[in-house]
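Fold and contact review
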Amino acid sequence: MIVAVLNTKGGVGKTTTALNLAVGRAIQGRDVLAVDADRQGSLIAALGNREGVQAVATAHYADGQILRQQVALAKTRYEDIIIDAGGRDNSALRAAMLLADVVLIPFQPRSFDVWALDDMAALLAEMRAVQDVHALAFLAMADARGRDNDEAAESVPDGMQYLDAAVGRRKSIADAAGIGRSVLEDGKDEKAVFEVRRLIKAVFR
Ligand SMILES: Nc1ncnc2c1ncn2[C@@H]1O[C@H](COP(=O)(O)OP(=O)(O)OP(=O)(O)O)[C@@H](O)[C@H]1O
Ligand SMILES: [Mg+2]
C-alpha cells in the first residue's frame, strides 16, 4: 500500500509520522520503502541513523516527475511505500497525492492548523478532477487533556475523513524519531506505543 503523509503546512508532524509508519510496518515484517520527497531530507537523515537495528530502505526524490516514475517502479518491489513530502504545495506533494492509496494528513489541535486544512481540502478538490484521492486527517501532537482535540476534530473540512487515532505530543516520540527509531522499538512509553500502533492499524486497515 502507498501512504503519503502530506500537509501544505509545515511542522505538523509529517516526517515523524512517516518514520513511525515505515519503521512500524518494517518491524511487522513488511517489505517497506520510505520515500523522502522533501528537499530537506529529514526522513532520510533520521533513518540513516538506524545503526544496529533493522534497516529500512530509503529513497529521496524531491521532484514530482521523478517521484512519479520511481514510485511506479518501486510499487512492484515493495509491499508498503511511505512518502513524506515537504510542508508546501509543490510538484512532489501533488505527485505523492496522486500516487497514494491513502493520503494521511497530520494536524495539530491549534487554530492555524485547522484553518490550514482548508488549503489541503482545496488542493484535494483540484486533484480529484484528475483522479479520486482517499484522504484521512488525524491529530498529531494532540493535547493530553482539554477540549481542543475534540474541537479540532469537529472542524475537519469536507473532502477528508477524520481518523480517530490521535497521537499525543510526547517527548518519547520526538526523541526516538531523532535517532531514526519508532517508540514501538524500545516499547518503554506504553501510551505512545498504543497510539502509534492504533494509527498504523487504522491507516492500513
Ligand atoms: N507526537 C509528537 N510528540 C512530540 N513532538 C513531536 C511529535 N511529532 C512531531 N514532533 C516534533 O515536532 C516537530 C515537527 O515535527 P516533524 O518534523 O515531524 O513535522 P513536519 O510536518 O515533517 O515538518 P516540516 O514541514 O518542516 O517537514 C519536530 O521537532 C518533532 O520532533
Ligand atoms: Mg518533514
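Right above here is the structure, for reference.
Residues numbered from 1 in each chain as written. Chains lettered and ligands numbered in written order. Predicted model: local features only at pLDDT ≥ 70, side-chain atom pairs only at ≥ 80, totals over all residues. Heavy atoms only, no water.

Here's the deal with the environment of Gly87
Structurally, Gly87 can be placed in the loop between strand 4 (80-85) and helix 4 (91-99). With 78 residues separating them along the chain, Gly87 and Lys9 place their C-alpha atoms 4.8 Å apart. Discounting residues that sit within four places of it in the chain, Gly87 has contacts with Asn7, Thr8, Lys9, Gly10 and Lys14. (Helix = DSSP H or I, 4+ residues; strand = E, 2+ residues; numbered from the N terminus. Contact = heavy atoms within 4.5 Å.)

Remarks on the site of ligand 1
Around ligand 1, the structure places 16 residues, and the nearest of them are Gly11, Lys14, Thr15, Thr16 and Arg170. One of the side-chain nitrogen or oxygen atoms of Thr15 is found 2.8 Å away from an oxygen atom of ligand 1. Gly168 places a polar main-chain atom, nitrogen or oxygen, 2.9 Å from a nitrogen atom of ligand 1. Across the complex, the protein chains shield 73% of the 630 Å² of accessible surface that ligand 1 would expose by itself. Mapped by element, the contributors of at least two residues to the shell around ligand 1 are helix 1 (14-27), strand 8 (167-168) and helix 7 (171-178). Top element by residues in the shell around ligand 1 is helix 1. It accounts for 3 residues. Class assignment of the residues belonging to the shell around ligand 1 gives a composition of 5 nonpolar, 7 polar and 4 charged. (Near = heavy atom within 4 Å. Polar contact = N/O pair within 3.5 Å; in protein donor to acceptor, adjacent residues only side chain to side chain. Areas by Shrake-Rupley, 256 points an atom, 1.4 Å probe, with all protein chains shown as cover. Nonpolar A, V, L, I, M, F, W, Y, C, P; charged D, E, K, R; others polar.)

Regarding the pattern of salt bridges
Evaluation of the coordinates by the stated rule reveals 16 salt bridges. The partner of Arg30 in a salt bridge is Glu79, and the shortest N-O contact between them spans 4.0 Å. On the criterion of sequence distance, the pair formed by Arg30 in the loop between helix 1 and strand 2 (32-37) and Glu79 in the loop between helix 3 (64-74) and strand 4 is long-range, its members being 49 residues apart. Of the charged contacts, one joins Arg170 and Glu195 as a salt bridge, the two residues approaching to 2.8 Å between their closest N and O atoms. With Arg170 in the loop between strand 8 and helix 7 and Glu195 in helix 9 (residues 190-203), this residue pair connects regions lying 25 residues apart in the sequence. Taken together, the shared-partner salt bridges connect Arg25, Arg30, Glu79 and Asp80 into one network. (Salt bridge = Lys/Arg side-chain N within 4 Å of Asp/Glu carboxyl O.)

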